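Residue strings, one per chain:
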Amino acid sequence: MKDTAKRLFIAYFWITVGSAIYALGFDWCYAPNSIGFGGITGLAQIINAVFPWAPIGVVVIVLNLPLFILGWRLLGGHLLLSSLYAMFISSVFVDVLAALVPFQPMDPMLATIFGGILVGLSLGIVLLQGATTGGTDLLARLLKLRFAWLPMGKLLMVVDLAVIVAVALAFRNLSSALYGLVSLYIFTAVMDMVLYGLDSAKVAYIISSKPDEVSKAILNELDRGVTFLHGEGGWSGESKKVLLCAFKQRQIVPLRRMVKEIDPEAFLIVCDAHEVLGDGFRSYQQNDL
């Protein structure tokens, strides 16, 4: 019970941090520079332009209600509650920050770049905690159930394109759409980096005349498992042991040095690896992103 409460506290703490970063990115970079913003927040921008008395944060909450009902049916109660909190607190932050700090327009390209970085970082943090900020984030999360092989960033990009175009038409500003597209690309790339890039690993294939010594060194010094694959030289026809080893990015230098110290003639191939599940890496979670 105590561990569960601690995990929930940590998760909601990071959701709050992510929501605050989201509000900063929107109020500082997007709103004062009329940069097209996708999703429900983009639609709220249009409504706020037509009805200035309607705060963007409040409009976001109202427009999100149908999506949350659908999300509750398909994704269950935990995601619904955490996403409701993320949507509510991010919307409050957007309105409160806008009221407290009168952000001035800046160079549009700077706003595009840093707005994309901040929003991508914030959405990545929130999604890592099993929540969404609602709107197209939640819609992309629902689409992920059907298109599990697509990264969240790509799904969000597809969903948000139409809204960005609508925002540009509402503000009668083609530059708004163009900057919005650039920012959309940046924030989806940053979000995917937060969601998947931090989990990157490497896989090494090692062909050595001293396979047992190399294997023992990897096991003892790097604390990584090794699998022997049975290979055969194409020219010599000689049977060989091929070592397969998955390891963290930071271990590539000691691994390379270790292999070359044991066998300077060793043939070493290192490849990028993603979604590494198992002992020493992360565990599989149902409805994983």
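Residues numbered from 1 in each chain as written. Predicted model: local features only at pLDDT ≥ 70, side-chain atom pairs only at ≥ 80, totals over all residues. Heavy atoms only, no water.

An unreviewed UniProt entry lists the protein under the name YitT family protein, with Candidatus Flavonifractor merdigallinarum given as the organism. The record held by UniProt for the protein lists under Subcellular location (unreviewed entry) the comment "Cell membrane". (UniProt positions renumbered as here; feature names shortened; annotations may be inferred.)

Chemist: Give me the lowdown on the overall build of the protein, citing residues and values where you can.
Modeler: A tally of regular secondary structure across the protein gives 10 helices and 4 strands. In sequence order, the secondary structure elements of the protein are arranged as α-α-α-α-α-α-α-α-β-α-β-β-α-β. Long-range pairs, those at least 24 residues apart, make up 72% of the contacts in the protein with a sequence separation of at least 6. Working note: accessible area of the protein is about 15600 Å², and carbon and sulfur atoms make up 66% of it. (Helix = DSSP H or I, 4+ residues; strand = E, 2+ residues; numbered from the N terminus. Contact = heavy atoms within 4.5 Å. Areas by Shrake-Rupley, 256 points an atom, 1.4 Å probe, with all protein chains shown as cover.)

Chemist: Got a sec to walk through the sheet that holds strand β1 (residues 201-207)? Specific residues and values, please.
Modeler: Backbone-to-backbone hydrogen bonds join strands into a sheet, with any given pair of strands oriented parallel or antiparallel. Across the sheet, which stays open at both edges, the 4 strands sit in the order β2-β3-β1-β4 with antiparallel pairing between neighbours. Two strands bound the open sheet, and with one partner strand each, they are β2 (227-232) and β4 (267-273). Taking the axes of each pair of neighbouring strands and ignoring which way they run, one obtains an average angle of 25° across the sheet. Bridge analysis of β1 against strand β3 (residues 239-248) gives 7 bridges, and the strand direction is antiparallel. Within the sheet, the bridge partner assigned to lysine 202 lies in β3 and is phenylalanine 247. Relative to the sheet, helix α9 (residues 211-222) contacts β1, β2 and β3, its axis offset from that of β3 by approximately 15°. Of the strands in this sheet, β1, β3 and β4 touch helix α10 (residues 252-262), which is tilted by about 155° from β3. (Pairing = 2+ DSSP bridges. Axes fitted to C-alpha atoms, helices over the stretch in contact; angles between N-to-C directions.)

Chemist: Before we move on, could you go through the pattern of salt bridges and cite the residues and values that matter?
Modeler: In total, this model carries 2 salt bridges according to the counting rule given. Note that glutamate 238 is salt-bridged to lysine 240, the shortest N-O span being 4.0 Å. (Salt bridge = Lys/Arg side-chain N within 4 Å of Asp/Glu carboxyl O.)

Chemist: I'd like a description of the packing of helix α5 (residues 108-128) against helix α8 (residues 174-195), backed by residues and values.
Modeler: For the pair α5 and α8, the least separation of the axes is 7 Å and the interaxial angle reads 35°. For the pair α5 and α8, the sense of crossing is right-handed. A breakdown of the residues in the contact of α5 with α8 according to their chemical character gives 18 nonpolar, 6 polar and no charged. (Left-handed = near helix turned anticlockwise from the far one by under 90°. Nonpolar A, V, L, I, M, F, W, Y, C, P; charged D, E, K, R; others polar.)

Chemist: Can you lay out unusual backbone geometry for me, pointing to particular residues and giving the numbers?
Modeler: Residue aspartate 223 is not a glycine yet carries a positive backbone phi of 55°. When you line up the elements, aspartate 223 lands in the loop between α9 and β2. Looking at aspartate 223, the relative accessible area reads 64%, which means it is exposed. (Buried < 20%, exposed > 50% of the residue type's maximum accessible area, 1.4 Å probe, protein only.)

Chemist: I'd like a description of the environment of serine 19, backed by residues and values.
Modeler: Within the element layout of this structure, serine 19 appears in helix α1 (residues 2-30). With 66 residues separating them along the chain, serine 19 and tyrosine 85 place their C-alpha atoms 9.6 Å apart. When residues no more than four places from it in sequence are discounted, the contact partners of serine 19 are Ala86, Ile89, Ser90, Phe93 and Val126. Within the local environment of serine 19, its side chain forms a polar contact with the backbone oxygen of isoleucine 15, the two atoms lying 2.8 Å apart. (Polar contact = N/O pair within 3.5 Å; in protein donor to acceptor, adjacent residues only side chain to side chain.)

Chemist: So what about the packing of aromatic side chains? Which residues, and what values?
Modeler: Scanning the entire structure with this criterion turns up 4 aromatic pairs. Where tyrosine 12 meets tyrosine 85, the ring centres are 5.1 Å apart and the plane angle is 65°; that geometry is what we call edge-to-face. You can see tyrosine 12 sitting in helix α1 and its partner tyrosine 85 sitting in helix α4 (residues 77-100), a full 73 residues away along the chain. With a centroid separation of 5.7 Å and an interplanar angle of 55°, the aromatic rings of phenylalanine 51 and tryptophan 53 are classed as tilted. Take phenylalanine 51: its relative accessible area is 41%, and that puts it in the partly exposed class. The aromatic ring of phenylalanine 228 is capped on one face by lysine 241, whose charged end is 4.8 Å from the ring centroid. (Phe/Tyr/Trp six-rings, centres within 6.5 Å; stacked < 30°, edge-to-face > 60°. Lys NZ or Arg CZ within 6 Å of the ring centre and 35° of its normal.)

Chemist: I'd like a description of the UniProt feature "transmembrane region" (unreviewed entry) in the protein, backed by residues and values.
Modeler: Residues given the UniProt feature "transmembrane region" (unreviewed entry) here are residues 7-26, 46-72, 109-128, 149-171 and 177-198. For residues 7-26, helix accounts for 100% and strand for 0%, while the C-alpha atoms at its two ends are 29 Å apart. With 100% helix and 0% strand, the stretch residues 109-128 has end C-alpha atoms that lie 28 Å from each other.

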